[in-house]
Amino acid sequence: MRVGLLGAGRIGLFHASTLAQHPAVGDLLIADADPARAHAAAQRLDGPAAVRAYDTVAQVLAAGPDAVVIAAASDAHAELIGQAARLGLPTYCEKPIAVDLPGTLGALREVEKGDTVLQVGFQRRFDAGHVAARRAYRSGELGFVHTIRTVTADAEPPPPDYLPGSGGLFRDCLVHDFDAVRWVTGREVVRVYAAGANRGDASFAAAGDVDTAAVVLTLDDDTLVSCTGTRYNGAGYDVRMELGGSRAQITVGLDERTPLSSAEPGARVGPRRPWPNFLARFHDAYRAELAAFLDVARGRAPSPCTGQDALEALLVAEACERSRALGGPVSVEGVRAAALAPGGRGREASC
């Protein structure tokens, strides 16, 4: 296959290494908003694929790729998805499709018109612990699940210039939790109640964002889910999911590198090598995710995370942002109705 990679930043470089080493990839065509970065990436790669850097996205698309992987800045995703869709190219795009609902809906319309396939990068679907939790939940071995708790905690905050275009903590960070909850349980979120706070750098408030948040989700079977997130977890990068059932309770993400200590005498102390960041924690999941996409691009499998899946997670994140602003619960269906109404983003009442 000839695969176009659009974006050669941190996650782009990781994906480039995965693609260059995959036996299904014969040619890897790289472009970045900074052409020098694309050329530097091509020079660093070592793999059986032939790697070539281009100065522009247009040049990559004109070179005849069989599929496209988008790892550019978030605010470029929707336009790049549209360009690939108009060429009928199978596309993998790191989340988000766009940082807002109108941009997301517009990109999905392009995919539909192009009659092509889109896979969105929610890598927790390929993480071994989340896969095991899904199996346990759906097999019934936990009994009825009454409570789910998720944690996403960055070891250090992103740089201030990242924040204005990120979409905020709910859309940028906790959206992973929302997708994971949907994927593990097969249920939909019907209502959210969210709060946020700023305890760290003033750049978060200046961007209209928060550095710490807590959310209560109500699922369509009345299961309660609590999701917490922060940009300031100095102990290390921490992603966990706990499922409490009437028969058993399990935890995803609790291992020898989880940045967590027990206060009980003689109990577990913090790890010597905690997870430093998302690339380390989800290394294997990211590689499995791209391998799955190559099967999708060759027509061997359906998309394991569709644009509609990404939209559903974004609707929950959008509801959280509105709940934080309103100071009360918000219906996800109300957010959906407002987004799809003529003129786009109407306002819905809390419920």
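Everything that follows concerns the structure shown earlier in this document.
Analysis parameters
Residues numbered from 1 in each chain as written. Predicted model: local features only at pLDDT ≥ 70, side-chain atom pairs only at ≥ 80, totals over all residues. Heavy atoms only, no water. Helix = DSSP H or I, 4+ residues; strand = E, 2+ residues; numbered from the N terminus. Rg over C-alpha atoms; globule rule 2.2 N^0.38 Å. Buried < 20%, exposed > 50% of the residue type's maximum accessible area, 1.4 Å probe, protein only. Contact = heavy atoms within 4.5 Å. Lys, Arg positive; Asp, Glu negative; His and termini not counted. Charge placed at Lys NZ, Arg CZ, Asp CG, Glu CD. Axes fitted to C-alpha atoms, helices over the stretch in contact; angles between N-to-C directions. Parallel < 35°, antiparallel > 145°, perpendicular 65-115°, else oblique. Nonpolar A, V, L, I, M, F, W, Y, C, P; charged D, E, K, R; others polar. Core = buried A, V, L, I, M, F, W, Y, C linked by side-chain atoms within 4.5 Å. Salt bridge = Lys/Arg side-chain N within 4 Å of Asp/Glu carboxyl O. 1 Å grid on protein atoms, 1.4 Å probe; cavity = no way out; pocket = protein on both sides within 12 Å on 5 of 7 lines; lining within 4 Å. Points joined across faces, edges and corners; volume = space filled by probe spheres on them. Polar contact = N/O pair within 3.5 Å; in protein donor to acceptor, adjacent residues only side chain to side chain. Phe/Tyr/Trp six-rings, centres within 6.5 Å; stacked < 30°, edge-to-face > 60°. Lys NZ or Arg CZ within 6 Å of the ring centre and 35° of its normal.

A tally of regular secondary structure across the protein chain gives 12 helices and 13 strands. Computed over C-alpha atoms, the radius of gyration of the protein chain comes to 20 Å, within 12% of the 20 Å expected from 2.2 N^0.38 for 351 residues, which places it in the range of a compact globule. Reported as C-alpha extents along the three principal axes, the dimensions of the protein chain are approximately 55 × 55 × 45 Å. Taking all 351 residues of the protein chain together, the buried fraction comes to 52%. Partitioning the contacts of the protein chain with sequence separation of at least 6, the portion at a separation of at least 24 is 69%. Each charge class in the protein chain was averaged separately, 36 positive and 42 negative side chains, and the resulting centres sit 2 Å apart.

Moving on to unusual backbone geometry. Here the residue pair Lys 95 and Pro 96 is connected by a cis peptide bond, since its omega of 0 degrees sits within 30 degrees of zero. Within the secondary structure, Pro 96 sits in the loop between strand 5 (91-94) and helix 5 (101-114). At Asp 115, a residue that is not glycine, the phi angle is positive and equals roughly 50 degrees. Structurally, Asp 115 can be placed in the loop between helix 5 and strand 6 (118-121). Judged by its relative accessible area of 70%, Asp 115 falls in the exposed class. Non-glycine residue Asp 222 carries a positive phi angle of around 75 degrees. The residue Asp 222 is located in the loop between strand 9 (212-219) and strand 10 (224-230) in this model. Residue Asp 222 is classed as exposed on the basis of its relative accessible area, which comes to 61%.

Here we take up the packing of helix 6 (residues 128-139) against helix 7 (residues 169-185). Running from N to C, helix 6 and helix 7 point in directions that differ by 45 degrees, and their axes come no closer than 8 Å. Considered as vectors, helix 6 and helix 7 are oriented oblique to each other. Contacts between helix 6 and helix 7 involve His 130, Val 131, Ala 133, Arg 134, Tyr 137 and Arg 138 from the first element and Ala 180, Arg 182, Trp 183, Val 184 and Thr 185 from the second. Within the contact of helix 6 with helix 7, the residues separate by chemical class into 6 nonpolar, 2 polar and 3 charged.

Attention shifts here to the nonpolar core. If you look at the biggest cluster of nonpolar residues, it comprises 66 residues, and the most contacted ones within it are Val 192, Val 215 and Leu 217. In terms of residue count, the dominant contributor to this core is helix 7 (10 residues). In this structure Val 192 touches Val 215, Val 216, Leu 217, Val 316, Ala 319, Cys 320, Ser 323, Gly 328, Pro 329, Val 330 and Val 332, once residues within four positions along its chain are discounted.

Our focus in this paragraph is the pattern of salt bridges. Tallied over the entire structure, the rule returns 25 salt bridges. Two residues, Arg 124 and Asp 177, come together in a salt bridge whose shortest N-O distance is 3.3 Å. Remark: Asp 177 occurs in helix 7 and Arg 124 occurs in the loop between strand 6 and helix 6; sequence separation between them is 53 residues. Arg 124 gets classed as buried once you look at its relative accessible area, which sits at 4%. Residue Asp 238 is joined to Arg 240 by a salt bridge in which the shortest nitrogen-to-oxygen separation is 2.7 Å. By the burial criterion, Asp 238 is buried, and Arg 240 matches it. One connected set of salt bridges, linked through shared partners, spans Arg 125, Asp 179, Arg 182, Glu 188 and Asp 309.

What follows concerns empty space enclosed by the protein. Inspection of every chain in the model, using the stated rule, returns 1 cavity of 30 Å³ or more. Estimates place the volume of the largest cavity at around 70 Å³. As for the largest cavity, its lining consists of Lys 95, Pro 96, Ile 97, Ala 98, Thr 104, Phe 122, Arg 171, Val 175, Ala 310, Leu 311, Ala 313 and Leu 314. At the level of elements, helix 7 and helix 11 (307-326) are the ones that each hand at least two residues to the lining of the largest cavity. The element that contributes the greatest number of residues to the lining of the largest cavity is helix 11, accounting for 4 residues.

So, on to the side chain of Arg 336. Considering the arrangement of structural elements, one finds Arg 336 in helix 12 (residues 332-340). Within polar-contact distance, the side chain of Arg 336 engages the side chain of Glu 333 at 3.2 Å. Not counting the four nearest positions on each side in its chain, Arg 336 is found in contact with Gln 308, Glu 312 and Leu 315.

Per the counting criterion, the structure on display carries 4 aromatic pairs. A centroid spacing of 6.3 Å and a plane angle of 65 degrees characterise the contact between Phe 278 and Tyr 286, whose relative ring orientation is edge-to-face. Overall, the relative accessible area of 22% leaves Phe 278 in the partly exposed class. On the basis of relative accessible area, Tyr 286 is assigned to the buried category, the value being 4%. Grouping aromatic residues by their ring pairs yields a cluster made of Phe 14, Phe 278 and Tyr 286. In this arrangement the basic side chain of Arg 257 is found over the ring face of Trp 275, its NZ or CZ atom lying 4.1 Å from the centre. Here the guanidinium or amino end of Arg 287 rests over the ring plane of Phe 14, the centre of that ring lying 5.1 Å away.

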